[in-house]
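Fold and contact review
Residues per chain, in single letters:
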Amino acid sequence: MVAAITASSPKSSIFDNPITKSCFLGGSLKGFPLELKPRSQRRYGFNLVVASTSSTSDRNNGGGRFYFNITGFPFPLGPFLNRRTIRSEVVKGCIWLFEQEQALGFSSVSTNIRMTVIKLKSGKLWVHAPIAPTRECIQLVKELGAPVEYIVLSTFAYEHKIFVGPFSRKFPRAQIWVAPRQWSWPLNLPLEFFGIFRAKTLKDEDLSTPWADEIEQKVLSSPEVGIGPYVEVAFYHKRSRTLLITDAVIFVPRKPPECISEESLLASAKNGLAVKILSKGKKVPEGPVVDNPKNRQKGWGSIPNSITRSTCFY
């Protein structure tokens, strides 16, 4: 998943009390992890893009949210028919976040998935990790008043890859760039199977990319272990000092993201089959669930936190 929080600090250390703040600070992607330098002349520090929650929504109506998807292995990715999009501006006139709910089909597991849009100095848009291109989502992108020039798939992961083809068809003039060493499981299918055509490959610290003067990039990759290698490309927007990461860093907020429906939160609070499986044999209570803030919070805490407990900062 991809999302964002903004963090500020004048200090120059990779983690400034990560248990409570969960933030990176930095100045370059070269030699990742970042080599950090003090920047006392600037009041604000560094923006980290990881999993979190957005603060504002742009519309309350349900129009334009239809998106049909029943694909995925071993479970399809939901919601199957309706995806609400939340847009928030994190760097004024420069960086926007677009967030939707993403669910594990036939279960009560729901979390947030995010797309990040950066306006380059040329006035054109650079799109990181596209989400489902519902009519509402595309309208929110077009309201930024600039053409989409680049669409970037920063990972091999299916839950991000599945939206790149449909999203790119909404902006046929945009260039598509993808992380290297793409693969899929249980069948290793070519990108064209996912509707991704004429894609260019992202390279480590590549200075020839059209955005190199504004955005640095670093390929994070592991050897093949198990079914395949972990591959991700991290990006650093120099002007705003913003780091974009897909799955290498995960942050679970205490409150549920706005994009997740009340129905999904209450379903998670019911302690269904998915919760029982993740409880590793421990007895879980059963009974009716009343719609109230406490149970919505319980629903948010029971599934996402269980899945990511070993890698999250709280």
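Residues numbered from 1 in each chain as written. Predicted model: local features only at pLDDT ≥ 70, side-chain atom pairs only at ≥ 80, totals over all residues. Heavy atoms only, no water.

1. Structural notes on the side chain of T85
Mapping T85 onto the fold places it in the loop between strand 3 (77-78) and strand 4 (86-91). Among residues more than four places away in sequence, those in contact with T85 are F98, E99, Q100, I131, T134, E136, C137 and L140. (Helix = DSSP H or I, 4+ residues; strand = E, 2+ residues; numbered from the N terminus. Contact = heavy atoms within 4.5 Å.)

2. Quick word on a nonpolar patch on the surface
Nonpolar side chains collect at one region of the surface, where F66, F68, I70 and L81 lie side by side and expose about 460 Å² of accessible area between them. Residue position: I70 is located in the loop between strand 2 (46-49) and strand 3. (Patch = residues over 30% accessible without salt bridge, like charges linked within 9 Å, V, L, I, M, F, W, Y side chains within 5 Å. Areas by Shrake-Rupley, 256 points an atom, 1.4 Å probe, with all protein chains shown as cover. Salt bridge = Lys/Arg side-chain N within 4 Å of Asp/Glu carboxyl O.)

3. What to know about the environment of I260
Secondary-structure assignment places I260 in the loop between strand 14 (250-251) and helix 4 (262-269). Expressed as a C-alpha distance, the spacing of I260 and T111, which sit 149 residues apart in the sequence, is 6.9 Å. Once residues lying within four places of it in the same chain are set aside, the contact partners of I260 are E101, S110, T111, N112, L265 and W300.

4. What about the pairing of strand 7 (residues 125-128)?
Every second residue of strand 7 is oriented toward a common face, with L125 and V127 on one face and W126 and H128 on the other, all of them buried. In terms of strand pairing, strand 6 (residues 110-119) meets strand 7 through 4 bridges, oriented antiparallel. Bridge pairing links T116 to H128 in strand 7. Hairpin geometry of strand 6 and strand 7 is characterised by an intervening segment of 5 residues between the two adjacent antiparallel strands and by a positive phi of about 90° at G123. (Buried < 20%, exposed > 50% of the residue type's maximum accessible area, 1.4 Å probe, protein only. Pairing = 2+ DSSP bridges.)

5. Some words on the pattern of salt bridges
This structure, assessed with the given rule, holds 7 salt bridges. In this structure, the salt-bridge partner of E136 is R65, at a minimum N-O distance of 3.1 Å. Taken together, the positions of E136 in helix 2 (residues 135-142) and R65 in the loop between strand 2 and strand 3 put the pair 71 residues apart, joining distant regions of the chain. Exposure remark for E136: the relative accessible area of 2% places this residue in the buried category. Note that K124 is salt-bridged to E149, the shortest N-O span being 3.7 Å. Within this pair, whereas K124 is found in the loop between strand 6 and strand 7, its partner E149 is found in strand 8 (residues 148-153), the two being separated by 25 residues in sequence.

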